[in-house]
Structures are given as C-alpha cells and as structure tokens.
Amino acid sequence: MRQGRPTRLLGAMLVAALLSLSSGAVAQSDADPAPAERFDCRSLAEREPPETAQEWLERSLWSNHCYDFQARAVRIGGDGVRSLALSHDVVEGVEREVARFLDGPPVVFERRGRIGRLSWAEGNAPVPASPSGIAEHLDGLYRLQLSGEERLANRTTLRLDIEPLDGMRYGHRFWLDTATGLPLKHILLDEHGRVVETFQITELRQPQLHQGEIELDRRRARPQDPWHPAWLPTGFIPQPVESRSSRHDDDIGHRVFSDGLATLSLFVEPVEGADQLIPGMHRLGVSYAAVRQRKLGGRTRQVVAMGELPPGVLLRVADSVEWQDGAEGDMP
C-alpha cells in the first residue's frame, strides 16, 4: 500500500466505519412529528435472571446501553498491548461513551447516540431495537453456548461462546458480569480459530443501572443508491446508519451491512487524483480492506469492502458490486 495520503485515506475509512456503526443513529430532526420511542432501563432490574445463552446475549446487549460506569481495560492485538480508560453514561435519553488510549499514540473515540435499530424501515413492517433484533437474528448463523463461570476484574463472570456455523465470519468469546450482564472480556477468533484480538476490562468502577429511559433511533427509509452488492454472506443485512463524506460529494457512497455481530463497510467512489489505494488486500489493525477498481456507472470507481471478516469474503463482496443502470462491468 502506498504511504502518505492514501494510507491516511484507509485510516479515515476505518474511522468512518467505526463511527457509523457505533453511533447507531444520528440526532432526530426537530421537525420530525413522530414522538421518540423509548426503552426504560429500570425494566432490566425487574426481569428474571437469564438462563439460556441467547437470553444472556440479549441481556448483555441491553446492559451495554443502560449502565453508567467507568472502567480501565487492555486491548491485545496485532499492534501490541494498549491500555484504555472507558466511560459510559446516559444524558437526557442519549448515550455518551468515551474510549481513551492511555499509551502509544493519543487516540480518543467518543460517540453520542440513541439505541439503533436492526434494519431500514420497509413500509409498515416492524423495525425492532437492535438488542432484541440481534439476539433473534443470530439464530442459524452462530452456535451459542454457555461455558461456566470465571473470575475477572474481581467479579464473577459467565463465559458465552459464539461459534460461526460457516467460514464466512469470525467467532467470539464473551465473559459477562453475572451481576450486570456487562461484557468484561472479549476474544475475537478468525475463521481458523486463531485469536485475533483480546479486549479485557481490568477494573470496573461501581456500575449503576440508569434510572430512566433511553431514546430509540427513529425509523429510517432505505436510501436509493445507484449501486449495490450482488452478493453478501448469509445473514448480512443493510444497517440503518447514515454516513456522510467529509468531501460533501454525493457521488461518494458508504453503506454498512451486519449479521448482528460482524460488520462490513462498503465504500464506492470515483477514481480521481492521487488519494487512491492500490487494488488488493490491505490490513489495518484487526480489520482487512479489499480494494478493487471497477467500471461502474460509466466511470472507473474505487470499491473498498472493509471489516473484521475473512479476506476472501471481503474480496467477493467488492467484486460483486453492481450499478443499477446497467453500466456496470469490470475494467478490461
């Protein structure tokens, strides 16, 4: 991969993908007449304790939204070991989360958003909040299994193994705090069962269940893109997140697809100037990026498929992108 600006371009794409996914929503317009739907976090305390693996997963997903906490953590990946400070709270129905790296290059990620939904709105069809929809959607894609208790960060955890049923996605192991459902450790496993990344909270400071409601993102109609991937792995569906290019060019497209755990970002933009990536496979941290140059819509365009997925899957997605006006086709 070229150095300098194209390298930074790939990094910018990764940041855009992360922020689009993590926000799960953008602020509702004041002109939107529909009242915001809400989830009452206090209802988690009234629920029966989870018993099955699927129930524990759903409880953990809701807990990620509903607990105020501060924590210290370590992340072990291809770039070594890094420590982080984490915080999460809810302010006037909107989540606020900050992750700050404490060593190496100073990096801070911050997000504010509402609870996202599983998919774009289609007519009057129901669009569930992500935690409920994700737990149900994973059935048939992964095998979920509880694997006993362990002690982490001076707390009792229950291990949840999530094994893919095909070679199209990575596996996961979560250690969930039995008192709150918060994940205290996560291991990502590639298609060969090798550890790609380990993330572990080393200190969880007085987590408190938010005594109020969190707003859900409004229903969003699917955008009318002139392009689409003709192939996606089984279970991957378009995500209702809005992404914007910093260049304010309507001809630059970015869409997000997910099976509930794995996420794929797809970028399509004209090939112009020096800020282009060399076609092929690139790696940035635990993510891969498949880069292709395709003749689409009568122009040569750069297609980038990026995510924590097997490289062959990303290449196949990038090669499958079609232009809907019939002008698509590979470069000679």
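Along each chain, residues carry numbers from 1 onward, in the same order as the chain's sequence is written. Only residues with pLDDT of at least 70 get local features here, since the model is predicted, and only at 80 or more are side-chain atom pairs given and counted; chain-wide, interface and lining totals rely on the full set of residues. As a rule here, side-chain values cover all heavy atoms of the structure and leave hydrogens and water aside.

## Here we look at the overall build of the protein chain
In step 1: Regarding its fold elements, the protein chain presents five helices and 20 strands.
In step 2: Partly exposed residues are those whose accessible area sits between 20% and 50% of the maximum for their type, while under 20% is buried and over 50% is exposed, using a 1.4 Å probe and protein chains only. Counting every position in the protein chain, which comprises 332 residues, the buried fraction comes to 48%.
In step 3: Taking contacts inside the protein chain between residues at least 6 apart in sequence as the whole, the part at least 24 apart equals 57%.
In step 4: Accessible surface, the protein chain: about 16200 Å² in total, of which carbon and sulfur atoms supply 48%. Only DSSP runs of H or I with at least four residues qualify as helices, and only runs of E with at least two residues qualify as strands; both kinds are numbered from the N terminus onward. For this analysis, residues touch if any pair of their heavy atoms sits within 4.5 Å. Note on areas: Shrake-Rupley, 1.4 Å probe, and residue coverage restricted to the protein chains presented here.

## Focus on the side chain of Gln239
In step 1: If you trace the backbone, Gln239 turns up in the loop between β13 (237-238) and β14 (253-258).
In step 2: Overall, Gln239 belongs to the buried group, its relative accessible area being 11%.
In step 3: Once you skip the residues sitting within four places of it in the chain, Gln239 turns out to touch Leu118, Trp120, Val256, Phe257 and Ser258.

## What to know about the confidence of the model for the protein chain
In step 1: The share of residues in the protein chain with pLDDT of 70 or more is 83%, and the mean pLDDT across the chain is 85.
In step 2: pLDDT is defined as a per-residue confidence score from the predictor, taking values between 0 and 100. Here residues 245-249 is a poorly scored stretch, pLDDT under 50, and it has four contacts once near neighbours within four places are set aside; other chains count.
In step 3: The low-confidence segment residues 326-332 (pLDDT under 50) makes 18 contacts with residues lying over four places distant or belonging to another chain.

## Quick word on helix α3 (residues 53-66)
In step 1: A rise of 1.5 Å per residue sets the reference length of α3, with its 14 residues, at 20 Å; its end C-alpha atoms lie 20 Å apart and thus fit the reference within 8%.
In step 2: With ten of 14 residues buried, α3 is to be regarded as a mostly interior element.
In step 3: Three or more residues of α3 are buried, namely Ala53, Trp56, Leu57, Arg59, Ser60, Leu61, Trp62, Ser63, His65 and Cys66. A helix is expected to reach a length of 1.5 Å times the quantity of its residues less one.

## Considerations on the packing of aromatic side chains
In step 1: For Phe, Tyr and Trp, where Trp contributes only its six-membered ring, two rings pair if their centres lie within 6.5 Å, and the inter-plane angle classes them as stacked under 30 degrees, edge-to-face over 60, or tilted in between. In this structure the tally under the stated criterion is one aromatic pair.
In step 2: In our convention, an over-ring charge means Lys NZ or Arg CZ found within 6 Å of a ring centre and within 35 degrees of that ring's normal. When the ring centre of Trp175 is taken as reference, the NZ or CZ atom of Lys185 above it lies at 4.6 Å.
In step 3: Above the face of the Trp231 ring, Arg316 is positioned so that its terminal group lies 3.9 Å from the ring centre.

## Examining the nonpolar core
In step 1: Buried Ala, Val, Leu, Ile, Met, Phe, Trp, Tyr and Cys residues that are joined via side-chain atoms within 4.5 Å together make up what is termed a nonpolar core. Ranked by internal contacts, the top residues of the largest apolar core, which has 38 residues, are Leu160, Leu264, Leu266, Val303, Leu314 and Val321.
In step 2: Mapped onto this core, the elements with two or more residues apiece are α3, β7 (155-164), β8 (171-177), β15 (263-270), β17 (287-296), β18 (299-307), α5 (311-320) and β19 (321-323).
In step 3: The contact partners of Val303, leaving out residues within four places of it in the chain, are Leu266, Phe267, Val268, Ala290, Val291, Arg292, Arg294, Leu296, Ala318 and Val321.
In step 4: Listed in part, the 23 residues of the second largest apolar core include Trp62, Ala73, Ile201 and Leu204.

## What to know about the state of the cysteines
In step 1: A pair of sulfur atoms, both from cysteines and within 2.5 Å, is called a disulfide here. The tally for this structure, following the rule as stated, stands at one disulfide.
In step 2: The disulfide partner of Cys41 is Cys66, and the gap between their sulfur atoms is 2.1 Å. As the torsion about the S-S bond is roughly -75 degrees, the Cys41-Cys66 disulfide counts as left-handed. Of the two residues, Cys41 is situated in the loop between β1 (38-40) and α2 (43-46) and Cys66 in helix α3; the sequence distance between them amounts to 25 residues.

## Regarding unusual backbone geometry
In step 1: The backbone of Ala153 shows a phi angle near 50 degrees, a positive value even though the residue is not glycine.
In step 2: The topology assignment puts Ala153 in the loop between β6 (142-152) and β7.

## Overview of the sheet that holds strand β2 (residues 67-77)
Two pairing modes exist for strands in a sheet, parallel and antiparallel, and in both the strands are linked by backbone hydrogen bonds.
In step 1: DSSP calls a pair of strands paired once it identifies at least 2 bridges connecting them. The strand order across the open sheet formed by nine strands is β5-β4-β3-β2-β10-β9-β8-β7-β6, and the pairing between neighbours is antiparallel. Both outer strands of the open sheet, β5 (108-113) and β6, are each paired with one neighbouring strand and no more. Averaged over all pairs of adjacent strands, the angle between strand axes in this sheet comes to 15 degrees, irrespective of strand direction.
In step 2: Sheet topology places β8 next to strand β9 (residues 183-189); six bridges connect them, and they run antiparallel. Counterpart to Leu176 in the pairing with β9 is Pro183.
In step 3: Fitted lines through C-alpha atoms give the axes, limited to the stretch in contact for helices. The angle between two N-to-C directions lies from 0 to 180 degrees. In this fold α3 packs onto β2, β3 (80-91), β4 (94-101), β6, β7, β8, β9 and β10 (195-209), with an angle of close to 65 degrees to the strand it touches most, β6.

## Some points on the pairing of β10
Strand residues, when the strand is regular, have side chains that alternate between the two faces of the sheet.
In step 1: Relative to β10, β2 runs antiparallel, the two sharing nine bridges. From the neighbouring strand, Ala71 faces β10, where its bridge partner is Leu204.
In step 2: Where β9 and β10 come together, five bridges link them in antiparallel fashion. What sits directly across from Ile187, in β10, is Thr198.

## Observations concerning the pattern of salt bridges
Opposite charge on two side chains makes pairing possible when the charged atoms of those side chains draw close.
In step 1: Salt bridges are identified by distance alone: a Lys or Arg side-chain nitrogen within 4 Å of an Asp or Glu carboxyl oxygen. A complete count under the given rule lists 22 salt bridges for this structure.
In step 2: Measuring nitrogen to oxygen at the nearest pair gives 2.8 Å for the salt bridge that ties Arg292 to Asp319. Taken together, the positions of Arg292 in strand β17 and Asp319 in helix α5 put the pair 27 residues apart, joining distant regions of the chain.
In step 3: For Arg292, a relative accessible area of 26% translates into the label partly exposed.
In step 4: Here the salt bridges do not stand alone but share partners, grouping Arg38, Arg114, Glu213 and Glu215 into one network.

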